[in-house]
Amino acid sequence: MITDPGARWSLLDEYTADPSITLGVCHDIDGLFADPDPVPPPETFTLLGCDPAGPLLDALRHIGTERAWLPSVALIPVHRPEHRPASCWTYEHGCTCEQELIDVTVVARRPSATRKGLVDLDLSGYIRLLPEWGLPEEKPDGTGFRLAALDDEKLGACLDVTGVFRVRPAAPVRPLTLIGFCPEAPLPAPAEGRRFTASILAVQRDGRIGAGAGAVAATVVSVQPSRSGHGLLDIALDSGVEEPLPTGARELFQLRYDGGPTEPHLWARYDRLLRQEWIGLACGHSTHGLPDKPAGTTYHLDGRSITDIDAFYCAIGEAINGPGGYFGSNLDALHDCLCGGWGAATPFRLIWHHADVARRHLVPGYDRPTHDLRYWKPRVVLDDLLQFFAEHKVEVDFL
């Protein structure tokens, strides 16, 4: 329990200490919230000596139209056995050290200059840059690439690619400043040059610890007395969280600080990015482990604003556990919730009001992903949800 009435954030070292220790609390964190970067223009890639298959082959027939688009093209290196990296485990004739192109449009095709009977394909899209994969600067040594879509659907193969493996500018650093920081006794205050590694957790008005807001690993640049109060410090760090929270999420954290939503359907006022933050905060404040409502209970799902999968998870959480409630954030999490311990025991009945909204919107192609990985989720349409509920003994009635 946090006793400082001005504390809004707690810094917990879960990485360098065993057991985890609270480093301190602070009144605010400058740099934790930021507007998303402007959408960069798509990059251009070329598949050389390509033998297309499946959806990629179909896209070639529709160049110049929306049907030439693919959500994902994985480039899986096919290594010569003597050159296969030790860190890669074999998958068929390739390995897992792959790169993935997303939000891809086939813009041109022509006969291959490399091998007769094959084609060269120009693509427009983005590279899915995941921190654990690193930047794709060096092309792996091998005999080409196996091409695959989501769920490893085969897209064919190519002998080489251009535009993928090159030096890219590093992402801009958004340093943090801990404002009004108070070290947790008996720990000393962080000093300049000290490494600072911590998870950032929200503090509620009653002093309880709430949802997480990211993690930071940085070096202390400066330590200054804070205007927030006597004995408090402003601590500037040289780095920040990997993904700052969207600026609009401040309002959601404030809502939780004040005790959480008390009215239904408040999530509907937010865009899809903030709905994802809504779901994350709902999970962080869930009553997991409390007794479930009995099997056979009827729940009412307000479907007025279910225009995407994130809206569905906001609505189902509210239907089961009340305003601001949580009941899954993806199909795996929904499965866990349906197994018990998250508010409802199966079998149960779900009355889906205003189902015509979901019928119009949760259809194939509605969730076209973008280069922004915060939107990247498995493709889920209404029929998928209905089948999923049926498998888990949930009766769904449309109204």
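Residues numbered from 1 in each chain as written. Predicted model: local features only at pLDDT ≥ 70, side-chain atom pairs only at ≥ 80, totals over all residues. Heavy atoms only, no water.

Let us now look at unusual backbone geometry. Omega for the peptide link from T346 to P347 comes to -5 degrees, which places this bond in the cis form. Along the polypeptide, P347 turns up in the loop between helix 5 (331–338) and strand 17 (348–353). The phi dihedral of H265 falls on the positive side, at around 70 degrees, and the residue is not glycine. Position of H265 relative to the elements: it lies in the loop between helix 2 (249–257) and helix 3 (272–284). Positive phi, normally seen in glycine, also occurs at H354, with a value near 55 degrees. Relative to the assigned elements, H354 resides in the loop between strand 17 and helix 6 (355–361). (Helix = DSSP H or I, 4+ residues; strand = E, 2+ residues; numbered from the N terminus.)

Turning our eyes to something else, we now look at the pairing of strand 11 (residues 154–162). Both strand 4 (residues 43–52) and strand 11 contribute to a ladder of 6 bridges, which runs antiparallel. Looking across to strand 11, one finds that D51 is bridged to A157. Where strand 10 (residues 145–148) meets strand 11, 4 bridges bridge the pair, whose relative direction is antiparallel. Bridge pairing in strand 11 places R146 opposite A157. (Pairing = 2+ DSSP bridges.)

Between helix 5 and helix 7 (residues 382–391), the shortest axis-to-axis distance is 11 Å and the interhelical angle comes to 25 degrees. Judged by the inter-axis angle, helix 5 sits roughly parallel to helix 7. Considering the relative orientation of helix 5 and helix 7, their crossing is right-handed. Along the contact surface, helix 5 presents L331, L334, H335 and L338, while helix 7 presents L385, F388 and F389. (Axes fitted to C-alpha atoms, helices over the stretch in contact; angles between N-to-C directions. Parallel < 35°, antiparallel > 145°, perpendicular 65-115°, else oblique. Left-handed = near helix turned anticlockwise from the far one by under 90°. Contact = heavy atoms within 4.5 Å.)

Turning our attention to the packing of aromatic side chains. Tallying each qualifying case throughout the model produces 12 aromatic pairs. Ring centres of F33 and F253 lie 5.9 Å apart, and the angle between their planes is 80 degrees; on these two criteria the pair is classed as edge-to-face. Of this pair, F33 sits in the loop between strand 3 (28–30) and strand 4 while F253 sits in helix 2; the two residues are 220 residues apart in sequence, bridging distant segments of the chain. You'll find F33 and F253 in the same group, each marked buried. Arranged with centres 6.0 Å apart and planes meeting at 20 degrees, the rings of F145 and F165 form a pair that is stacked. (Phe/Tyr/Trp six-rings, centres within 6.5 Å; stacked < 30°, edge-to-face > 60°. Buried < 20%, exposed > 50% of the residue type's maximum accessible area, 1.4 Å probe, protein only.)

On the basis of which strands lie adjacent, the closed barrel formed by 6 strands has the order 4-9-8-5-10-11 and antiparallel pairing. Between one strand and the next, the sheet's axes are offset by a mean angle of 50 degrees, whatever the strand orientation. Pairing geometry for strand 5 (residues 69–77) and strand 10, over 4 bridges, is antiparallel. The residue bridging I76 from the neighbouring strand is R146, located in strand 10.

To continue, consider the pattern of salt bridges. Under the definition given, this model contains 15 salt bridges. The salt bridge partner of R146 is D152, with a shortest N-O separation of 3.5 Å. With its nearest N and O atoms 3.6 Å apart, the salt bridge here joins D308 to R275. Taken as a pair, D308 in the loop between strand 16 (298–302) and helix 4 (309–321) and R275 in helix 3 lie far apart in primary sequence, 33 residues in all. One salt-bridge network, in which partners are shared between bridges, spans E43, R166 and R168. (Salt bridge = Lys/Arg side-chain N within 4 Å of Asp/Glu carboxyl O.)

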